[in-house]
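# Commentary on secondary and tertiary structure
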Amino acid sequence: MASSDSERHPRPPEWTIVDFVHRGYWWTNHGILLLNICLVLPLLTSAVNGLDSSLVNGLQILPDWQEYFHYPTGQVLGLVNCAQNIGGLIGLPITPFASDGLGRRLTLIIGSIVMLGGVALQFSSTTMQMFIAARVLIGFGLTFCLNAAPLLLIELCYPTQRGKMTSLYNTTWYFGSIIAAWVCFATFKQQEGSMWTWRIPTLVQAAVPILQVCLVWFIPESPRFLVSKGYEGQAAQVLTKYHANGSNEHDPLVVFELAQIRHAIRMEQELNKSTSYLSLLATPGNRKRMKIIVAIAIFSQWSGNGLVSYYINLVLDGVGITTTETKAAINGGLQIFNLLVGLSSAMLIDLVGRRSLFILSNSGMLIAFGLWTVTEALFNALHKTAAAKATIPLIFIYYLFYDIAYTPMLVAYTLEILPYKIRAKGFAVMNFTVYVTTIFNQFANPIAIERLGWWYYIVYCGLLVIELVFVVTFIVETRGRTLEETAALFDGEQPQQDLAITGGEAATMNMTAGGGNVVSQRSVQVMIAQEIHTTVSTHSRVESKSSVSLDEYELYGLKKNASPSSK
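All figures in this text were calculated on a predicted structure; none of them were measured in a lab. (Residues numbered from 1 in each chain as written. Predicted model: local features only at pLDDT ≥ 70, side-chain atom pairs only at ≥ 80, totals over all residues. Heavy atoms only, no water.)

## Side note on the overall build of the chain
Looking only at helices and strands, the chain has 25 helices and zero strands in total. Looking at the chain residue by residue over its 567 residues, the buried ones come to 57%. Once local pairs closer than 6 in sequence are excluded, the contacts in the chain between residues at least 24 apart make up 83%. For the chain, the exposed surface amounts to about 23,400 Å²; the carbon and sulfur share of it is 65%. (Helix = DSSP H or I, 4+ residues; strand = E, 2+ residues; numbered from the N terminus. Buried < 20%, exposed > 50% of the residue type's maximum accessible area, 1.4 Å probe, protein only. Contact = heavy atoms within 4.5 Å. Areas by Shrake-Rupley, 256 points an atom, 1.4 Å probe, with all protein chains shown as cover.)

Listed below in structure tokens is the structure:
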């Protein structure tokens, strides 16, 4: 009976990652401080995406751009808006193979170089065909950066900062969007009547790719990529320098993380001898992951936000706001508002939890968009100016709820639920879904608004109801776990227990280091804290024994550092 209970309720491991992480302010730890400075570079990739994606939206408001390219409308305007996404779709299938084969850093460099070529072509455009071709080339390069940068970010982050840092990634999209909106506004005010009103914003697109090409050499490669390629020594050096504050490779945190990374990658290799896009559907756990990932990718674009993101000019025309200065000011103000809400939500992700934020976001969007639809109907049917005035604050309220979840967590949640071997490919599928739904929006929205008017908004109201039901039913809470433990959530209880025990046993054996070896100062601090905890506990700790052992390589490496008395 006792053994049966033990199998059903296995004793937790002796150590967890919580025992080893830095507990003070992160900026007081030189390793974490240096790491976060390095992570600014991949964080800027999302800002580039926001700048490039929003630039055409800002250019459409400029009379000089409209005149230079002969006032594009209908299908031509739709092609201008979606050209970047078309380029992204062309490059998307090969980006995960570049990230997994060449490494995250090299893939980021390749994408930045291609983007610089696209910016040069866009700057020199004399026809609409050249402009569209430049947008396609920018999108092609950007998709390499968008695949590699967040992978590098989430796989390098300090364990306790992973949720916040990866949530900040997608939020910085609005930083780029703000730059696009206000640069267009500034050039309109200063260079009105000149082609420089749209050429200067084009030049701004080159800033971050230049920085990435020059500075990416100074940031470390992903330790998970290094382990997967057999460079475990280099991975240990990266973790030691940035996670253990340069202590030594036997620091308990480094041992714990490496043990889990090795074990997770080997479990994935046993399940999938070779990985392809079909691997995303090969197991029940992977199918659950992809169902959620594809769904939230669709929701991120088909919740009504596409109406403002790409066609704010038409939306504001629809409620009687026609002056260029007013449109530019509203557009710029909305981007600043979105950034502030996204940053605030990113700080709440570990406190409130992913699931709670998704539910709150979808509920609020449904209510706000419903009211927005009513004001559109009142203005267009009854020509009530009060309804037009109410539409603007409702747009801001709608985005408040959108930014609570989909701005910070679309990328973060996708990456953390995917295991390493399929992370790049699963992320590519998420990006593919976003591209396809965005392209559909960019072609369909202007035509639908022109033909259906405010009735088109009702379609999105129906979609928001479906989204809320899905989120309540299927979103899984992931906070409070390591990256490997989070990814294992969808594979059943046993893999989760295996990972927890793997890291715990590795740490336990590392604590026994003695004899001719010197135990690190951090190890001593951890053991003292654990001893104090044990003393004050009302229940004595019983030595945990697990039926799941470490891999032979891990045991061999750790046992070499153990004293004879501890064996």
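We are not done yet, so read on.
## Side note on the environment of Trp 26
The residue Trp 26 is located in the loop between helix H1 (2-8) and helix H2 (30-60) in this model. For the pair Trp 26 and Tyr 158, spaced 132 residues apart in sequence, the C-alpha separation works out to 9.6 Å.

## Points about a nonpolar patch on the surface
Together, Leu 102, Leu 106, Ile 110, Leu 211, Leu 215, Trp 217 and Phe 218 make up a nonpolar patch on the protein surface, roughly 680 Å² of accessible area in all. Elements with a minimum of two residues in the nonpolar patch: helix H6 (104-123) and helix H11 (207-215). You can see Leu 215 is positioned in helix H11. Leu 215 gets classed as partly exposed once you look at its relative accessible area, which sits at 38%. (Patch = residues over 30% accessible without salt bridge, like charges linked within 9 Å, V, L, I, M, F, W, Y side chains within 5 Å. Salt bridge = Lys/Arg side-chain N within 4 Å of Asp/Glu carboxyl O.)

## Details of the nonpolar core
If you look at the biggest cluster of nonpolar residues, it comprises 106 residues, and the most contacted ones within it are Ile 296, Phe 358, Phe 369, Tyr 398, Tyr 406, Tyr 413 and Met 430. Looking at this core element by element, the count peaks at 14 residues for helix H19 (residues 385-417). If sequence neighbours within four positions are ignored, Tyr 406 has contacts with Asn 170, Ile 296, Phe 299, Ser 300, Phe 358, Ser 361, Asn 362, Met 365 and Val 471. Counting 16 residues, the second largest nonpolar core, distinct from the first, contains Trp 65, Phe 69, Ala 83 and Trp 198. (Core = buried A, V, L, I, M, F, W, Y, C linked by side-chain atoms within 4.5 Å.)

## Details of helix H21 (residues 456-474)
In this model, H21 (19 residues) spans 28 Å end to end at C-alpha, consistent with the 27 Å of a helix rising 1.5 Å per residue. What H21 keeps buried is the set Tyr 456, Tyr 457, Tyr 460, Cys 461, Leu 464, Glu 467, Leu 468, Phe 470 and Val 471. (Expected span 1.5 Å × (residues − 1).)

## Observations regarding the confidence of the model for the chain
In this model, the chain carries an average pLDDT of 78, and 78% of its residues clear a pLDDT of 70 or more. Confidence, read as mean pLDDT per element, is least for helix H25 (residues 552-559) in the chain (38) and greatest for H6 (94). This model gives residues 1-7 a pLDDT under 50, and the stretch forms zero contacts once residues within four places in sequence are excluded. For the stretch residues 514-567, pLDDT sits under 50, and the model shows 78 contacts to residues farther than four places along the chain or on other chains. (pLDDT = per-residue confidence, 0-100.)

## Let's talk about the pattern of salt bridges
Following the criterion strictly, the structure yields 10 salt bridges and no others. A salt bridge links Glu 232 to Arg 266, with the shortest nitrogen-to-oxygen separation between them at 3.7 Å. Taken together, the residues Glu 232 in helix H13 (residues 232-242) and Arg 266 in helix H14 (residues 252-271) connect sequence positions 34 residues apart. Shared partners join several salt bridges into a network, and the residues in it are Asp 100, Arg 104, Glu 155, Arg 423 and Lys 425.

## Some words on the side chain of Asp 403
Within the secondary structure, Asp 403 sits in helix H19. Although Asp 403 is buried, it forms no salt bridge, and the closest oppositely charged side chain is Arg 354 at an N-O distance of 17 Å. In contact with Asp 403, not counting residues within four places along its chain, are Tyr 174, Asn 338, Val 341, Gly 342, Ser 345 and Pro 408. (Lys, Arg positive; Asp, Glu negative; His and termini not counted.)

## Focus: the packing of H2 against helix H7 (residues 128-156)
H7 packs onto H2 with a crossing angle of 150 degrees between their chain directions and a minimal axis gap of 10 Å. As judged from the angle between their axes, H2 and H7 are roughly antiparallel. Every pair of crossing elements has a handedness; the one defined by H2 and H7 is left-handed. Where H2 abuts H7, its residues Leu 35, Leu 39, Pro 42, Leu 43, Thr 45, Val 48, Asn 49, Asp 52, Ser 53, Leu 55, Val 56 and Leu 59 lie against Phe 131, Arg 135, Ile 138, Leu 142, Cys 145, Leu 146, Ala 149, Leu 153 and Leu 156. Considered class by class, the residues forming the contact of H2 with H7 number 16 nonpolar, three polar and two charged. (Axes fitted to C-alpha atoms, helices over the stretch in contact; angles between N-to-C directions. Parallel < 35°, antiparallel > 145°, perpendicular 65-115°, else oblique. Left-handed = near helix turned anticlockwise from the far one by under 90°. Nonpolar A, V, L, I, M, F, W, Y, C, P; charged D, E, K, R; others polar.)

## Let's talk about the packing of aromatic side chains
Under the definition given, this model contains 29 aromatic pairs. Judged by centre distance (5.9 Å) and plane angle (65 degrees), the rings of Tyr 399 and Tyr 402 are edge-to-face. Of the two residues, Tyr 399 and Tyr 402 both sit in helix H19, three residues apart, roughly one turn of that helix. You'll find Tyr 399 and Tyr 402 in the same group, each marked buried. (Phe/Tyr/Trp six-rings, centres within 6.5 Å; stacked < 30°, edge-to-face > 60°.)

## A short note on the environment of Ile 458
Among the secondary structure elements, Ile 458 is positioned in helix H21. In this structure the C-alpha to C-alpha distance between Ile 458 and Thr 373, which are 85 residues apart in sequence, comes to 7.1 Å.

## Quick word on the packing of helix H5 (residues 95-102) against helix H20 (residues 420-452)
Axes are the key here: two packed helices are described by the angle between their axes and the distance separating the axes. Contact geometry for H5 and H20: axes closest at 8 Å, N-to-C directions at 155 degrees. By the angle between their axes, H5 is roughly antiparallel relative to H20. In the packing of H5 onto H20, the handedness of the crossing is right-handed. Residues Thr 95, Pro 96, Phe 97, Ser 99 and Asp 100 of H5 touch H20, and the partners they reach there are Lys 421, Ala 424, Lys 425 and Ala 428. Here the contact of H5 with H20 is composed, by residue class, of four nonpolar, two polar and three charged.

## Details of unusual backbone geometry
The phi dihedral of His 70 is positive, around 65 degrees, even though this residue is not glycine. Note that His 70 resides in the loop between helix H3 (63-68) and helix H4 (74-91).

## Things to note about the side chain of Glu 467
For Glu 467, the position within the fold is in helix H21. One buried charge, Glu 467, has no salt-bridge partner; the nearest side chain with opposite charge is Arg 355, at 15 Å. In contact with Glu 467, other than residues within four places in its own chain, are Phe 299, Trp 302, Ser 303 and Asn 362.

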